[in-house]
Amino acid sequence: MIVGQAKRYLRPATIAEAVQALKEANGLGRPLAGGTDIIVDVREGRRVVDVLVDVKAIPELTMVDFDPARGLRIGAAVPCFRLSEDAMLRRAYPGLIDAASLIGGIQIQNRATLGGNLCTSSPAADSAPILLALGATCVIAGPDGERRVPLDRFFVGPRRNILGESDLLIALELPPPLPGAGSAYLRFIPRNEMDIAVVGAGVWLRVEGETIVDARVGIGAVAPTPLLVDAASRALIGRPATRETFEAAAAEARAAASPITDMRGSAHQRRHLIGVMTRRAIERAVERAREDQR
Ligand SMILES: Cc1cc2nc3c(=O)[nH]c(=O)nc-3n(C[C@H](O)[C@H](O)[C@H](O)COP(=O)(O)OP(=O)(O)OC[C@H]3O[C@@H](n4cnc5c(N)ncnc54)[C@H](O)[C@@H]3O)c2cc1C
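Residues numbered from 1 in each chain as written. Predicted model: local features only at pLDDT ≥ 70, side-chain atom pairs only at ≥ 80, totals over all residues. Heavy atoms only, no water.

1. Thoughts on the sheet that holds strand E1 (residues 8–10)
- Ordered in space as E1-E3-E2, the 3 strands form an open sheet in which the pairing is parallel. Either end of the sheet is taken by a strand with one partner, and the two such strands are E1 and strand E2 (29–32). When the angles between neighbouring strand axes are averaged without regard to direction, this sheet yields 25 degrees.
- As judged from the 3 bridges shared by E1 and strand E3 (residues 51–54), these two strands associate in the parallel manner. Bridging across to E3, Arg8 finds its partner in Val51. (Pairing = 2+ DSSP bridges. Helix = DSSP H or I, 4+ residues; strand = E, 2+ residues; numbered from the N terminus. Axes fitted to C-alpha atoms, helices over the stretch in contact; angles between N-to-C directions.)

Now the structure itself:
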């Protein structure tokens, strides 16, 4: 198999073998999941890679395990389409399915994984804001064993994360769905077809009666990394589910943003849009939370 300019392609069957292969590659090895980012990077010379370590034959990385009491564990190499076609997950984590079903088109979703999306660590990665809002934890394996890291400590800069050269993201863990909770992910793109988010907003919240009793807000494409905006969450928690409350949280998302100007949009436009998309994502999450209460 010829993959870009990489010299070797390996398909280990266990986590230990994959970690060992990456270790032996001395910084010139890369995991390969769906390949929708890494193959492009290698072909275009953005990354020098000697060894591609395909992680799709490792059972822990390809399983989806959902238990309403324990929560959801998604293997890092599970393609997005496997999530978006699952009716139970759509009901339990609708915001996650919003994101999984808009990453690229159908062909991309057949290959692309949430693990790969997070490990690329683009500030605009569509899965990041909603996984932050859902309280995801990363399960990571490396030469010293396994560790768990909350997703809000995973990203360290544009296209940079905490993974070491021989580390593998194994899975993402999400807390169990709660009664009266709803989630939503919305992004703005300049064209009505495949493109990278100009801004993205992910919201998880829980409603009791007319009051929002818990909430988390994640934003993307408006800072060097995807961000969990605690101030926006605080603006929602304990407040009535009204337009005024939503606007207050949206204002906090705008304040947390430090966007850049690029070919997709100006910093000014991004700052405005993150407020709009955050408010709309909150509204949608509240609607879903109310449906869940019925
Ligand atoms: C046409 C097109 C449209 C796209 N549209 C979107 C879009 O709308 N939204 C969006 O967010 N992205 C989009 N992308 C980018 C890409 O598809 C996603 O980022 C995708 O989720 C990456 O997943 P993957 O499995 O293909 O990753 P890969 O390409 O296999 O890997 C990506 C990176 O993560 C590393 N990696 C992969 N798995 C692991 C692991 N388990 N542990 C450690 N490191 C790992 C790889 O070494 C590589 O650096 C698009 C890409 C294309 C080509």
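Read on for the rest.
2. Quick word on the sheet that holds strand E5 (residues 71–75)
- The strand order E4-E5-E10-E6-E7 describes an open sheet built from 5 strands, whose pairing is antiparallel. The open sheet has two edge strands, strand E4 (64–67) and strand E7 (145–150), and neither has a second partner. Neighbour to neighbour, the strand axes of the sheet diverge by 20 degrees on average, direction disregarded.
- Pairing geometry for E4 and E5, over 4 bridges, is antiparallel. Looking across to E5, one finds that Phe66 is bridged to Leu72.
- Packed on one face of the sheet, helix H1 (residues 15–24) meets strand E6 (137–142) and strand E10 (168–174) and runs near 135 degrees to E10. (Contact = heavy atoms within 4.5 Å.)

3. A short note on the pattern of salt bridges
- Per the counting criterion, the structure on display carries 21 salt bridges.
- In this structure, Asp67 and Arg70 form a salt bridge, with 3.4 Å as the shortest nitrogen-oxygen distance.
- With relative accessibility at 23%, the residue Asp67 sits in the partly exposed group.
- The residue Glu247 makes a salt bridge to Arg279 at a minimum N-O spacing of 3.1 Å. Here Glu247, found in helix H11 (residues 243–256), pairs with Arg279, found in helix H12 (residues 267–293); they are 32 residues apart in sequence, far enough to count as distant.
- A residue is classified by how much of its surface remains accessible, and Arg279, at 12% relative accessible area, is buried. (Salt bridge = Lys/Arg side-chain N within 4 Å of Asp/Glu carboxyl O. Buried < 20%, exposed > 50% of the residue type's maximum accessible area, 1.4 Å probe, protein only.)

4. A look at the pairing of strand E11 (residues 181–188)
- Buried residues dominate E11, accounting for 7 of its 8 residues.
- Summarising the sheet, E11 and strand E12 (residues 199–208) pair through 8 bridges and their orientation is antiparallel. Within the sheet, the bridge partner assigned to Tyr185 lies in E12 and is Gly202.

5. Here's the deal with the packing of aromatic side chains
- Inspection of the entire model under this criterion finds 2 aromatic pairs.
- Between Phe66 and Tyr93 the ring centres are 5.8 Å apart and the planes differ by 80 degrees, which places this aromatic pair in the edge-to-face class. Pair noted here: Phe66 is in strand E4 and Tyr93 is in the loop between helix H5 (87–92) and helix H6 (94–100), with a separation of 27 residues, a long-range link. As far as burial versus exposure is concerned, Phe66 and Tyr93 are alike and both buried.
- Aromatic pair Phe154 and Phe155: ring centres 5.4 Å apart, planes at 85 degrees, arrangement edge-to-face. (Phe/Tyr/Trp six-rings, centres within 6.5 Å; stacked < 30°, edge-to-face > 60°.)

6. What to know about the pairing of E7
- As paired strands, E6 and E7 are joined by 6 bridges and run antiparallel to one another. Its bridge partner being in E7, Cys138 is matched across the sheet by Val149.
- Once E6 ends, the chain turns through 2 residues before running back antiparallel as E7.

7. Re the nonpolar core
- Counting 58 residues, the largest nonpolar core has Leu96, Leu114, Leu131, Leu151 and Phe154 as its most contacted members.
- Among the elements that take part in this core, E10 stands out by supplying 6 residues, more than any other.
- Ranked by size, the runner-up nonpolar core spans 31 residues in total, among them Val198, Leu205, Ala235 and Ala241. (Core = buried A, V, L, I, M, F, W, Y, C linked by side-chain atoms within 4.5 Å.)

8. Observations regarding the site of the ligand
- Around the ligand sit 28 residues in total, of which Pro31, Thr36, Asp37, Thr113 and Asp126 are the nearest.
- One of the backbone N or O atoms of Gly34 is found 2.7 Å from an oxygen atom in the ligand.
- Burial of the ligand by the protein chains amounts to 88% of its free accessible area of 990 Å².
- Those elements that provide at least two residues to the shell around the ligand are E2, helix H8 (114–120) and E10.
- Residues belonging to the shell around the ligand are distributed by class as follows: 15 nonpolar, 8 polar and 5 charged. (Near = heavy atom within 4 Å. Polar contact = N/O pair within 3.5 Å; in protein donor to acceptor, adjacent residues only side chain to side chain. Areas by Shrake-Rupley, 256 points an atom, 1.4 Å probe, with all protein chains shown as cover. Nonpolar A, V, L, I, M, F, W, Y, C, P; charged D, E, K, R; others polar.)

9. Description of the side chain of Asn161
- For Asn161, the position within the fold is in strand E9 (residues 160–161).
- Looking at Asn161, its side chain comes within polar contact range of the main-chain nitrogen of Leu163, at 2.9 Å.
- Ignoring anything within four residues of it in the chain, the contact list for Asn161 reads Leu118, Cys119, Ser121, Phe154, Phe155 and Val156.

Shape descriptors only; they carry no functional weight alone.
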